[in-house]
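Close look at the chain arrangement
Chain residues, written in single-letter form:
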Amino acid sequence: MNSKSVSGIEAVVTGASGGIGSALCKQLCEQGIRVLGVSRRAPDGWSSAHYRHLSIDLRHPSASEKVAAALDSTSHASLRIVIHAAAVLHSMPFELLNEGMEDEMLRLNLRLPITLTRALLPWLKVANESHSVFISSMAGFQGSLKYSGLSVYGASKAGLVGFTEAIAAEMEGSNLYFNTLCLGAVQTEMLQRAFPGYSGGVSVDEMARFIAGFAQNGHKVMNGKALPVSIGNPR
Ligand SMILES: NC(=O)c1ccc[n+]([C@@H]2O[C@H](COP(=O)([O-])OP(=O)(O)OC[C@H]3O[C@@H](n4cnc5c(N)ncnc54)[C@H](OP(=O)(O)O)[C@@H]3O)[C@@H](O)[C@H]2O)c1
């Protein structure tokens, strides 16, 4: 991808090749929003003139700067939505998790949304208003029913809740808004890997529809909040 091809980007979505992220990018594009999707693989099975893809390993220490570098100056006036959906889940008893797995979850699920937020600040500050949406999990929502195997994943997702509250307070009075969605079960590969054989949860398209609407309008009624978005189990 060359930088000329990403003019006027309105939304950045990480985790663009996966279940929720891919459906989200598709739906935003269908609504005429110009999207830069970021993940190692490109989304499969759909294409749009509004979509540009950046293939990158987001675990890399300079990944956030590379995402920012992919936006050209025309995106300064247009970027208004950032959806942090990339994540990895190693579902495993706590004693069996190794440092590499823990580092990967903490880096991708928590550290990356923080550094990417910082890297995109120059764009977000000049937007008329911007909404950053962090995709967390009920595994990181205080007081919800918890499941074994998700200890460090849950910690990484709970960290997003704390970051959202703090960054929103720090930026209060600006045109920058931040919220977190703590999702329950959604029928994706990640869910199947974590809960083999489990058939509940909402469809990817249904969840993507909710997130796409929330990203465009949620900040008009809430800021610095973590919202549980869950039906059935896990909740
Ligand atoms: N599904 C659920 O039930 C559920 C419940 C609660 C919360 N969530 C959250 O919802 C979000 C989306 O989940 P999902 O179920 O759609 O997951 P998924 O299908 O496993 O997709 C994960 C996405 O993250 C990207 N990713 C993973 N490692 C990456 C890396 N090193 N560099 C760049 N991109 C990377 C993947 O792309 P590549 O592999 O192509 O890089 C993929 O696009 C996640 O934040 C997840 O924690 C999901």
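Below is a short write-up of the structure.

Thresholds, definitions, all that
- Residues numbered from 1 in each chain as written.
- Predicted model: local features only at pLDDT ≥ 70, side-chain atom pairs only at ≥ 80, totals over all residues.
- Heavy atoms only, no water.
- Helix = DSSP H or I, 4+ residues; strand = E, 2+ residues; numbered from the N terminus.
- Rg over C-alpha atoms; globule rule 2.2 N^0.38 Å.
- Buried < 20%, exposed > 50% of the residue type's maximum accessible area, 1.4 Å probe, protein only.
- Contact = heavy atoms within 4.5 Å.
- Salt bridge = Lys/Arg side-chain N within 4 Å of Asp/Glu carboxyl O.
- Near = heavy atom within 4 Å.
- Polar contact = N/O pair within 3.5 Å; in protein donor to acceptor, adjacent residues only side chain to side chain.
- 1 Å grid on protein atoms, 1.4 Å probe; cavity = no way out; pocket = protein on both sides within 12 Å on 5 of 7 lines; lining within 4 Å.
- Sits in = over half its atoms within 2 Å of the grid points.
- Axes fitted to C-alpha atoms, helices over the stretch in contact; angles between N-to-C directions.
- Parallel < 35°, antiparallel > 145°, perpendicular 65-115°, else oblique.
- Left-handed = near helix turned anticlockwise from the far one by under 90°.
- Core = buried A, V, L, I, M, F, W, Y, C linked by side-chain atoms within 4.5 Å.
- Points joined across faces, edges and corners; volume = space filled by probe spheres on them.
- Nonpolar A, V, L, I, M, F, W, Y, C, P; charged D, E, K, R; others polar.

Regarding the overall build of the protein chain
- Helix and strand counts for the protein chain come out as 6 helices and 7 strands.
- When the helices and strands of the protein chain are read in sequence order from the N terminus, they spell out β-α-β-β-α-β-α-β-α-β-α-α-β.
- Computed over its C-alpha atoms, the radius of gyration of the protein chain comes to 17 Å, within 12% of the 18 Å expected for a compact globule of 235 residues.
- Overall size of the protein chain, expressed as C-alpha extent along the three principal axes, is 50 × 40 × 35 Å.
- Classification of the 235 residues of the protein chain by burial places 53% in the buried group.
- Considering only intrachain contacts with a sequence separation of at least 6, the fraction spanning at least 24 residues in the protein chain is 69%.

A closer look at the pattern of salt bridges
- In the structure shown here, the tally under the stated rule is 7 salt bridges.
- Note that Asp57 and Arg59 form a salt bridge whose closest N and O atoms lie 2.7 Å from each other.
- Across the pair Glu206 and Arg209 runs a salt bridge, and its minimum N-O distance is 3.2 Å. Of the two residues, Glu206 and Arg209 both sit in helix 6 (residues 204-217), 3 residues apart, roughly one turn of that helix.
- Judged by its relative accessible area of 45%, Arg209 is partly exposed.
- Counted as one network, the salt bridges with shared partners bring together Glu10, Arg34 and Arg80.

Let's talk about the side chain of Ser22
- Looking at the secondary structure, you find Ser22 in helix 1 (residues 19-30).
- Given a relative accessible area of 10%, Ser22 falls into the buried group.

Quick look at the site of the ligand
- Among the 30 residues in the neighbourhood of the ligand, the closest are listed as Ser17, Gly18, Arg40, Tyr153 and Thr188.
- Arg40 places a side-chain nitrogen or oxygen 2.8 Å from an oxygen atom of the ligand.
- A distance of 3.4 Å is found between an oxygen atom of the ligand and a side-chain nitrogen or oxygen belonging to Arg193.
- Here the ligand is seated within the largest pocket.
- Those elements that provide at least two residues to the shell around the ligand are helix 1, strand 5 (130-137), helix 4 (151-170) and helix 5 (189-194).

As for the packing of helix 3 (residues 99-126) against helix 4
- The geometry of helix 3 relative to helix 4 is characterised by a closest axis approach of 8 Å and an angle of 15 degrees between their N-to-C directions. Taken together, the axes of helix 3 and helix 4 are roughly parallel relative to one another. Crossing angle aside, the handedness with which helix 3 passes helix 4 is right-handed. Across from Glu102, Met105, Leu106, Asn109, Leu110, Pro113, Ile114 and Thr117 in helix 3, the residues of helix 4 making contact are Val152, Tyr153, Ser156, Lys157, Gly159, Leu160 and Phe163.

Some points on the nonpolar core
- Core analysis: the biggest nonpolar cluster contains 42 residues, and Val12, Leu36, Val38, Leu58, Leu71, Leu79 and Leu120 have the highest contact counts within it.
- Considering each element in turn, this core owes the most residues, 11 residues, to helix 3.
- Once you skip the residues sitting within four places of it in the chain, Leu58 turns out to touch Thr14, Val38, Ala63, Val67, Ala86, Leu108 and Leu112.
- Ranked by size, the runner-up nonpolar core spans 31 residues in total, among them Ile20, Ile33, Ile81 and Ala215.

Let's talk about the layout of surface pockets
- For the largest pocket, the calculated volume is near 1,000 Å³.
- Surrounding the largest pocket, 46 residues form its lining, Ala85, Ala87, Thr188, Met190 and Arg193 being those nearest its centre.
- Looking at the lining of the largest pocket, the elements that each hand over two or more residues are helix 1, helix 3, strand 5, helix 4 and helix 5.
- Broken down by element, the residue count for the lining of the largest pocket peaks at 5 residues, all from helix 5.
- Classifying every residue of the lining of the largest pocket gives 25 nonpolar, 12 polar and 9 charged.
- Its boundaries defined by the atoms lining it, the second largest pocket holds a volume of some 180 Å³.

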